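Structural features, examined
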Amino acid sequence: MADPTHEDAQLVVQLAQLGTQMVHPQARGWIWSDDFTSDSQEFWEKHPPGTVGFDYVSGVATWYETVGTLWKHNLLEATLLFDWLYVTGMWERLKPILLEMRKSTPQLWENFEALAEAQSAALAGA
């Protein structure tokens, strides 16, 4: 893709606004806190579907999946996107839980994962 444009910047702002609608304000902080566990078995024991913790994780993952889907279809400029978000870090934090979810729903979170892998490759090449 070409250099980021004002249109790209507007889309990033819109995605940030969408994030405030899709993700509970405390979700990201909780995911990065010491109270959170990335261990899938422990997570599922403490936070089955219907709990606040489950909603936090699924909300964040859904938002990143949305961003990843737009990126996959070249609707987001990667340089701007990777400068804005630490996708790799969030993917690594949630990966064990999300891969466990994928066992029952194939293809779930694949765009989030691909976006994280692309960012990791871009950082390695920098």
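I will try to describe carefully the structure that is included in this document. (Residues numbered from 1 in each chain as written. Predicted model: local features only at pLDDT ≥ 70, side-chain atom pairs only at ≥ 80, totals over all residues. Heavy atoms only, no water.)

**Quick notes on the overall build of the protein chain**
A tally of helices and strands in the protein chain yields seven helices and zero strands. Element order for the protein chain, N to C, with α for helix and β for strand: α-α-α-α-α-α-α. Taking 14 Å as the expected radius of gyration for a compact globule of 126 residues, we find that the protein chain reaches 15 Å, a close match to that expectation. Each principal axis of the C-alpha atoms in the protein chain carries an extent, and together these give about 45 × 30 × 25 Å. Put simply, the protein chain has 126 residues, and 40% of those count as buried. (Helix = DSSP H or I, 4+ residues; strand = E, 2+ residues; numbered from the N terminus. Rg over C-alpha atoms; globule rule 2.2 N^0.38 Å. Buried < 20%, exposed > 50% of the residue type's maximum accessible area, 1.4 Å probe, protein only.)

**Let's talk about unusual backbone geometry**
Backbone geometry at Asn 74 places phi at a positive 60 degrees, although glycine is not the residue there. Along the chain, the position of Asn 74 falls in the loop between helix 4 (52-72) and helix 5 (78-84). Assessed through its relative accessible area of 52%, Asn 74 is described here as exposed. Within the chain, Trp 109 stands out as a residue other than glycine whose phi angle is a positive 70 degrees.

**Brief notes about the packing of helix 4 against helix 6 (residues 87-102)**
One way to put it is that helix 4 packs onto helix 6 with a least axis distance of 11 Å and a crossing angle of 115 degrees. Viewed along their axes, helix 4 and helix 6 form a crossing whose handedness is left-handed. Seen from helix 4, the contacting residues are Phe 54, Val 57, Val 60, Ala 61 and Tyr 64; seen from helix 6, they are Val 87, Met 90, Leu 94, Ile 97, Leu 98 and Met 101. Partitioned by chemical class, the residues of the contact of helix 4 with helix 6 number eleven nonpolar, no polar and no charged. (Axes fitted to C-alpha atoms, helices over the stretch in contact; angles between N-to-C directions. Left-handed = near helix turned anticlockwise from the far one by under 90°. Contact = heavy atoms within 4.5 Å. Nonpolar A, V, L, I, M, F, W, Y, C, P; charged D, E, K, R; others polar.)

**Some thoughts on helix 7 (residues 110-125)**
Taking 1.5 Å per residue, 16 residues should reach 22 Å; helix 7 reaches 22 Å between its end C-alpha atoms and fits that length. Among all positions of helix 7, only Asn 111, Phe 112, Glu 113, Leu 115, Ala 116 and Gln 119 are buried. (Expected span 1.5 Å × (residues − 1).)

**A short note on helix 4**
Over its 21 residues, helix 4 runs 30 Å from end to end, which matches the ideal 30 Å to within 8%, given 1.5 Å per residue. Trailing helix 4 by a residue or two, Asn 74 shows a phi angle of about 60 degrees, which is positive.

**Digging into the environment of His 47**
Examined against the element boundaries, His 47 turns out to sit in the loop between helix 3 (40-46) and helix 4. Residues contacting His 47, with those up to four places away along its chain left out, are Trp 30, Gly 53 and Phe 54.

**Some thoughts on the side chain of Glu 77**
Mapped onto the elements of the fold, Glu 77 is located in the loop between helix 4 and helix 5. In this structure the side chain of Glu 77 is engaged in a polar contact, spanning 3.0 Å, whose partner is the backbone nitrogen of Thr 79. (Polar contact = N/O pair within 3.5 Å; in protein donor to acceptor, adjacent residues only side chain to side chain.)

**Topic: the environment of Tyr 56**
Tracing the sequence through the fold places Tyr 56 in helix 4. Here the alpha-carbon distance between Tyr 56 and Val 13, two residues 43 residues apart in the chain, equals 21 Å. In this structure Tyr 56 touches His 24, Gln 26, Ala 27, Trp 30 and Ile 31, once residues within four positions along its chain are discounted.

Nothing here speaks to function; it is all geometry.
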